[in-house]
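# Summary of structural features
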There are 2 protein chains.
Amino acid sequence: MNDRDALTAYAASFVDELAQNKMKHVVVSPGSRSTPLALLLVEHPDIEVHINVDERSAAFFALGLAKALKEPVGLLCTSGTAAANFYPAVIEAYYSRVPLIVLTADRPHELRDVGAPQAIDQIHLYGRQVKWFVEMALPESTDEMMRYARTIGARAVSTAATEPAGPVHLNFPLREPLIPNLEQAKEYRQNKMTPAVMIENGALSLSDSHIEALAATLSQAKQGMIVCGELRHPKMKEAIVALAEKLAFPILADPLSQLRSGKHDKDGIIDTYDTFLRDEAAKEAFRPDVVLRFGSMPVSKPLLLFMKKQKQAITLVIDGGAGWREPAGLATNMIYCEEKDFCQRVCEKIPKATEKNWLGLWKTVNGATKNALSSIRDEVELSEGKLFSLLQDIMPIESTLFVGNSMPIRDLDTFFLSNEKGIKTFANRGANGIDGVVSTALGVSTVSENTVLAIGDLSFFHDMNGLLAAKLQKQNITILLINNDGGGIFSFLPQANDREHFETLFGTPHGLDFSHTAQLYGGKYSKVQNWDELKQVFTESFEIQGLKIIEVPTERESNLQKHRNLWNFVSQEIKVVLDREIS
Amino acid sequence: MNDRDALTAYAASFVDELAQNKMKHVVVSPGSRSTPLALLLVEHPDIEVHINVDERSAAFFALGLAKALKEPVGLLCTSGTAAANFYPAVIEAYYSRVPLIVLTADRPHELRDVGAPQAIDQIHLYGRQVKWFVEMALPESTDEMMRYARTIGARAVSTAATEPAGPVHLNFPLREPLIPNLEQAKEYRQNKMTPAVMIENGALSLSDSHIEALAATLSQAKQGMIVCGELRHPKMKEAIVALAEKLAFPILADPLSQLRSGKHDKDGIIDTYDTFLRDEAAKEAFRPDVVLRFGSMPVSKPLLLFMKKQKQAITLVIDGGAGWREPAGLATNMIYCEEKDFCQRVCEKIPKATEKNWLGLWKTVNGATKNALSSIRDEVELSEGKLFSLLQDIMPIESTLFVGNSMPIRDLDTFFLSNEKGIKTFANRGANGIDGVVSTALGVSTVSENTVLAIGDLSFFHDMNGLLAAKLQKQNITILLINNDGGGIFSFLPQANDREHFETLFGTPHGLDFSHTAQLYGGKYSKVQNWDELKQVFTESFEIQGLKIIEVPTERESNLQKHRNLWNFVSQEIKVVLDREIS
């Protein structure tokens, strides 16, 4: 076989194996060295190719697709710094356990470290931030090497998807000629070839006696609580709710837990803890003897500070991915067991709890807080808190809400409360960056209905390049652009007192008029002036195809003040309730 | 001392040591964990702080500053993916030997790998793409630890600047409180403190006998040639020109060699080799017996292909940075010696060459090629080649020209020929990425007069975020935006024959109207329709403050055809000359 035949056989076998293992989407950035893989991916009938010119945005777009689909998504670029642009999203994928298959083309060995163009050291380019790295062999078409290529393909998909899911990186040295024979490539497709190897993954599971011992511990708890951070698999919902009900434990449900919205039983769902756990009296009233944690650590800083104080509690962290998601540093038991399996099997072993005062107090305080928080609805001027409070009313049923980091996710936590709508929530909470958020949301919107992105101006700015995908692929998304002209979160931090340097280093006002951005990318743009206008434009946006940007102007200074006033008001209300309930 | 005092003493000592070692500029991206370093940098009287919100652009901006200043520039960001956004520019700095001091704030040890927010593994975050990595100690204010902080500061600047220059990375774990005492910080400044240690760097230098032996080899050459790639230090110019003259060797001068423009003697400068070395007859006529190479490998692919054939030649690669910049793979001698020192000392040891036919033939063919290339000036419609041909006429004296990768640098090579103007040329040729070019050019323009960036549309798109710095800092730059609506270079590659997938995967037309980009960033925008308009708008742009974007619309298809026609024409002209000269 000549070089081209070898390239075709080897690369087509590899690509086909990805498809056979159900990698259905790949995001491709244009490049020369990656040509053979790009052509074979676009030609494969079972793989959908999404083009994204800026590799940083491309990688976040793939991350969004993988988050929404809950399955491995591919990513391809050429050699050199192109691959380095993938790094932020690769890191986010690693820490948020999202499966990505990163394919980078590379110069062959003889062109490395000799000053050849677009040649950098791509071996372990992403360091420890990937689950698996493979420096691929040069293309060969012996049976053995084609089976090797297929096996690596199968292993890549499996490794990316296995809990804890995450990114894998395969680096392909490729020589010219770079054009495979696309007719011949069809010979290496699935209907004609058997897959290399079936990889069958078990899940972590405790023994029966282990489960029984834990069930005994839990059923003895007088003051237990469940804390749910981001949960990837919505099917976990029912199992956790059932366990909580049987134990009569409250569920402190992070906005990304998917437990705040939907038709499931929300009786024991506590959704305002981020507000009332700022209150000293409430923190004193709610000292648990057992804490059961699922998912990542929730967004709420008051909750984290509260948990760091609970040295008296038995704290069980359940993690089917066998990680160490415990920044409070007080876990007594790390339990590596698939979460749904854990809930269902423990549930079977415990009696129904009878004592409910503890749960009742949580619900009472939660109700009072919710009541107090609803006072934000009286605000006349546009404000960040009220916007998130309104979302549960104005979002469509079964829609998708992606929120930016920094202030939006915190406001979501405080103000987006239980509802029946089945709104799916997403954010990039692996490394909490403000980068790549637009593209991640666009990736999500590609496979979701009625996607809304609520994002601050700096984060929006950071990834405006991502909007090119919305323009070219005519994607539907409604962007709520909360523009306070700079870094709003810094006003909440101590540096806000340094008047001399604050605006330069932290406030960073940019004065950008984002209507130009909307025009550049062919989006419909509205800058709303009041709540009625917001509701109208927002509701109409779901009738319009394509990119819709709704700018909500707010002020950093008054936003800080409004948040502080509200928390003070809530604190007074909670005091009344606690005095009544506990005395 | 309390925690805050320790932070102040330690971080202020470190920052002051950077300043004492002449790190005069730092680019800062806003963040929380990096607060102490940001405040101390902005407060230091000898350090200028440049703010840049998007860390990817920030890092390229720092790269540009460091390129133009030829001295180490600092870079600071907060923890998490912010730091990963620096990666493309860090890699470019590593391969193009540009000194950067990358400072990243990090979570302290107890908040690592426990699911804490914005905490990723930042140890060796940039892998092998930095010269030095230091995980800093936590702040302490003992004499020993303050000296440690100062010593690391001194070593960072020195290591970044030592040949081969490059990036260093210091990672700072920092605990709250994050606000240093700025009054107290003044106590740790240079007028009051002596620097930690003076680091005195020698340069690589060969022995006299070694120089004599090499001089003997060179003076015996009948058909020698000098090849100059990118040269960082313009003072090398005279030494190389003097050596070439004494040897009667032609100098094949890359557009980034700084040898094509200026008042130096350009008699032996060959500037059209990229064109005539496409011709088989010319390649046959110019077989050297000695090749002397300085700087990185030139841009020209025809030159590289030519050099790969010269197995008969003694090829000496002179590299004061002791690297391996030899993609042709035919070096006979790698000579690690400071380049100017090498030229001057060899020059003293050789007699003036008398035989000049060899040099004469180079000059004749170069002249004929130049003549043939000038036919491009007759083109009526806007075209990419003619634009670069015109630049030597219309650029101001002593101005600065930054060119994008992919097509612009190649067109510069082909069409930007010898002139007296002293135009400095820059490009990112370490890894040749199309990313970060706008910001690198803006960094250059910060410390240069009359900076012009000539860039293609995809590369411009990739780093539009960089333009925020131009808006906020009211920077002067003229951008020639060559818009052929997609990836023009791919039309020159074999995949252009695949009509089914070409536009989707490679051409990638985006249809962006960049007038909106100009409006977003407050730039003056003109889309020129003809050459007169171009010349007028271009000339006027140097009278206008701020950002000027001049869009030059071209067509990918006709561009390819024009280049091919021109090369065919040149080939015929060369044949005539060679037939006459050699027979």
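Cut-offs and rules
Residues numbered from 1 in each chain as written. Chains lettered and ligands numbered in written order. Predicted model: local features only at pLDDT ≥ 70, side-chain atom pairs only at ≥ 80, totals over all residues. Heavy atoms only, no water. Pairing = 2+ DSSP bridges. Helix = DSSP H or I, 4+ residues; strand = E, 2+ residues; numbered from the N terminus. Right-handed = clockwise from strand over helix to strand, strands pointing away. Contact = heavy atoms within 4.5 Å. Buried area = accessible area lost by both parts, 1.4 Å probe. Salt bridge = Lys/Arg side-chain N within 4 Å of Asp/Glu carboxyl O. Polar contact = N/O pair within 3.5 Å; in protein donor to acceptor, adjacent residues only side chain to side chain. Nonpolar A, V, L, I, M, F, W, Y, C, P; charged D, E, K, R; others polar. Axes fitted to C-alpha atoms, helices over the stretch in contact; angles between N-to-C directions. UniProt positions renumbered as here; feature names shortened; annotations may be inferred. Least-squares fit on C-alpha atoms with pLDDT ≥ 70 in both. Domains from an automatic or database assignment. Buried < 20%, exposed > 50% of the residue type's maximum accessible area, 1.4 Å probe, protein only. Expected span 1.5 Å × (residues − 1). Phe/Tyr/Trp six-rings, centres within 6.5 Å; stacked < 30°, edge-to-face > 60°. Lys NZ or Arg CZ within 6 Å of the ring centre and 35° of its normal. Core = buried A, V, L, I, M, F, W, Y, C linked by side-chain atoms within 4.5 Å. Parallel < 35°, antiparallel > 145°, perpendicular 65-115°, else oblique. Left-handed = near helix turned anticlockwise from the far one by under 90°.

## Details of the pairing of strand β17 (residues 524-527) of chain A
Residues and elements named next belong to chain A. Looking at chain direction, β17 and strand β18 (residues 547-553) are connected through four bridges and run parallel. From the neighbouring strand, K527 faces β18, where its bridge partner is E551. In this fold, β17 hands off to helix α22 (residues 531-541), which returns the chain to β18; that crossover is right-handed.

## Brief notes about the interface of chain A and chain B
At the junction of the two partners, chain A supplies 79 residues and chain B supplies 79 residues. Buried surface at the junction of chain A and chain B, both sides included, amounts to about 6600 Å², of which 62% is carbon and sulfur. When the buried area of chain A at its contact with chain B is split by residue, F461, L505 and L520 of chain A rank highest and sum to 9% of it. A salt bridge links R56 of chain B to D54 of chain A; the nearest nitrogen and oxygen atoms lie 2.7 Å apart. Taken together, the links from chain A to chain B amount to 29 residue pairs in polar contact (both at pLDDT 80 or more). Looking at the side of chain A that touches chain B residue by residue, the class counts come to 40 nonpolar, 21 polar and 18 charged.

## Section: the sheet that holds strand β5 (residues 132-135) of chain A
Residue and element names in this part refer to chain A. What the six strands build is an open sheet, ordered β2-β1-β3-β4-β6-β5; its pairing is parallel. Edge positions in the sheet fall to β2 (48-51) and β5, since each of these pairs with one other strand and no more. Strand-to-strand twist in this sheet, taken as the mean axis angle between neighbours without regard to direction, amounts to 20°. With three bridges joining them, strand β1 (residues 25-28) and strand β3 (residues 73-77) adopt parallel strand pairing. Residue pairing for β3: V27 is matched across the bridge by L75.

## What about the UniProt feature "domain: Menaquinone biosynthesis protein MenD middle" (unreviewed entry) in chain A?
The positions UniProt marks with the feature "domain: Menaquinone biosynthesis protein MenD middle" (unreviewed entry) are residues 220-403 of chain A. In residues 220-403 of chain A, helix accounts for 38% and strand for 15%; the two terminal C-alpha atoms are 39 Å from one another.

## So, the relation of the copies chain A and chain B
Copy one and copy two of the chain differ by a rotation about a common axis and a shift along it. Mapping chain A onto chain B calls for a screw motion: a turn of 180° about the axis and a shift of 0.0 Å along it, with 0.0 Å RMSD after fitting. Here the symmetry operator amounts to a two-fold rotation axis. The C-alpha atom lying nearest the rotation axis in chain A is that of H516 of chain A; the distance is 2.6 Å. When you check the interface residues of chain A against chain B, 100% turn up at the interface there too, and the contact is symmetric in its surfaces.

## Quick word on the domain arrangement of chain A
All names here are of chain A. Domain annotation of chain A identifies domain 1 (3-188), domain 2 (208-370) and domain 3 (384-553). When the two sides are added together, the surface that domain 1 and domain 3 hide from each other amounts to roughly 1600 Å², 62% of it contributed by carbon and sulfur. At the junction of domain 1 with domain 3, the criterion picks out zero salt bridges. The interface formed by domain 1 and domain 3 holds 11 residue pairs in polar contact (both at pLDDT 80 or more) in total. Counting only elements with at least two residues in the side of domain 1 that touches domain 3, the list comes to β2, α3 (55-69) and α5 (87-96). Ranked by residues supplied to the side of domain 1 that touches domain 3, first place goes to α3 with 10 residues. Along the lines of polarity and charge, the residues of the side of domain 1 that touches domain 3 split into 10 nonpolar, six polar and four charged.

## A closer look at unusual backbone geometry
A cis amide bond links E176 of chain A with the next residue in sequence, P177 of chain A, at an omega value of 0°. Residue placement: P177 of chain A occurs in the loop between β6 (167-173) and α7 (182-185). Backbone geometry places T508 of chain A, a non-glycine residue, at a positive phi of 40°. Here T508 of chain A is to be found in the loop between α20 (502-507) and α21 (515-520). Classification of T508 of chain A as buried rests on a relative accessible area of 6%. Even without being a glycine, K22 of chain B presents a positive backbone phi close to 75°. For K22 of chain B, a relative accessible area of 52% gives the class exposed.

## Points about helix α6 (residues 143-161) of chain B
For α6 of chain B, with 19 residues, the first-to-last C-alpha span of 27 Å sits near the 27 Å given by 1.5 Å per residue. All of the buried residues along α6 of chain B are M145, M146, A149, R150, I152, G153, A154, A156, V157, S158 and A160 of chain B.

## So, the sheet that holds strand β10 (residues 290-294) of chain A
Residue and element names in this part refer to chain A. Strand order across the open sheet formed by six strands is β9-β8-β7-β10-β11-β12, with parallel pairing between neighbours. Sheet topology places β9 (269-270) and β12 (333-335) at the edges, where each strand pairs with a single neighbour. Taken together, the two bridges between strand β8 (residues 251-253) and β9 define a ladder with parallel strand orientation. Its bridge partner being in β9, I251 is matched across the sheet by I269. Lying over the sheet, helix α12 (residues 301-308) contacts β7 (224-228), β8 and β10, oriented at roughly 140° with respect to β7.

## Digging into helix α13 (residues 339-349) of chain B
Listing the buried residues of α13 of chain B in full gives E339, F342, C343, R345, V346 and C347 of chain B. The opening residue of α13 of chain B is E338 of chain B, an N-cap whose side-chain oxygen sits 3.3 Å from the backbone nitrogen of K340 of chain B.

## Here we look at the packing of aromatic side chains
One pass over the full model with this rule turns up 31 aromatic pairs over all chains. For the ring pair F286 of chain A and W362 of chain A, a centre distance of 4.0 Å and an interplane angle of 25° mean the geometry is stacked. Of this pair, F286 of chain A sits in the loop between α11 (280-285) and β10 while W362 of chain A sits in helix α14 (residues 357-373), placing them 76 residues apart in sequence. Under the relative-accessibility criterion, F286 of chain A is labelled buried at 0%. Residue W362 of chain A is classed as buried on the basis of its relative accessible area, which comes to 0%. Between F276 of chain B and F286 of chain B, the aromatic rings sit 5.7 Å apart at their centres with planes inclined by 50°, giving tilted as the arrangement. Here F276 of chain B, found in helix α10 (residues 273-276), pairs with F286 of chain B, found in the loop between α11 (280-285) and β10 (290-294); they are 10 residues apart in sequence, far enough to count as distant. Residue classification places F276 of chain B among the buried positions, given a relative accessible area of 0%. Positioned above the aromatic ring of W567 of chain A, the side-chain terminus of R278 of chain A is 3.6 Å from the ring centre.

## Concerning the pattern of salt bridges
Considering all chains together, one arrives at 51 salt bridges over all chains under this definition. With its nearest N and O atoms 3.2 Å apart, the salt bridge here joins K24 of chain B to E71 of chain B. With K24 of chain B in the loop between α1 (3-20) and β1 (25-28) and E71 of chain B in the loop between α3 (55-69) and β3 (73-77), this pair connects stretches of sequence that are 47 residues apart. The exposure class assigned to K24 of chain B is partly exposed, which follows from its relative accessible area of 35%. Its salt-bridge partner being R345 of chain B, residue D341 of chain B comes within 3.1 Å of it at the nearest N-O pair. Pair noted here: D341 of chain B and R345 of chain B are both in helix α13, with a separation of four residues, about one helical turn. What emerges from the salt-bridge pattern is a single network uniting D16, E17 and R150 of chain A.

## With respect to the nonpolar core
Judged by nonpolar contacts, the single largest core of 116 residues is most densely connected at F460 and I479 of chain A together with F460 and I479 of chain B. What F460 of chain B contacts, discounting residues up to four positions off in sequence, is V438, I455, L467, I479, L481, F514, T517 and I549 of chain B.

## A few points about the packing of helix α15 (residues 384-394) of chain B against helix α22 (residues 531-541) of chain B
Residues and elements named next belong to chain B. It is at 12 Å that the axes of α15 and α22 come closest, and there the two elements cross at 40°. Overall, the two elements α15 and α22 adopt an arrangement that is oblique. For the crossing formed where α15 meets α22, the hand is right-handed. Across from K386, L387, L390, L391 and I394 in α15, the residues of α22 making contact are W531, L534, K535 and F538. Considered class by class, the residues forming the contact of α15 with α22 number seven nonpolar, no polar and two charged.

## Brief notes about the environment of P108 of chain B
All names here are of chain B. Of note, P108 is situated in the loop between β4 (100-106) and β5 (132-135). What makes P108 buried here is its relative accessible area of 2%. Other than its neighbours up to four places away in sequence, P108 contacts R33, L138, P173, L174 and R175.

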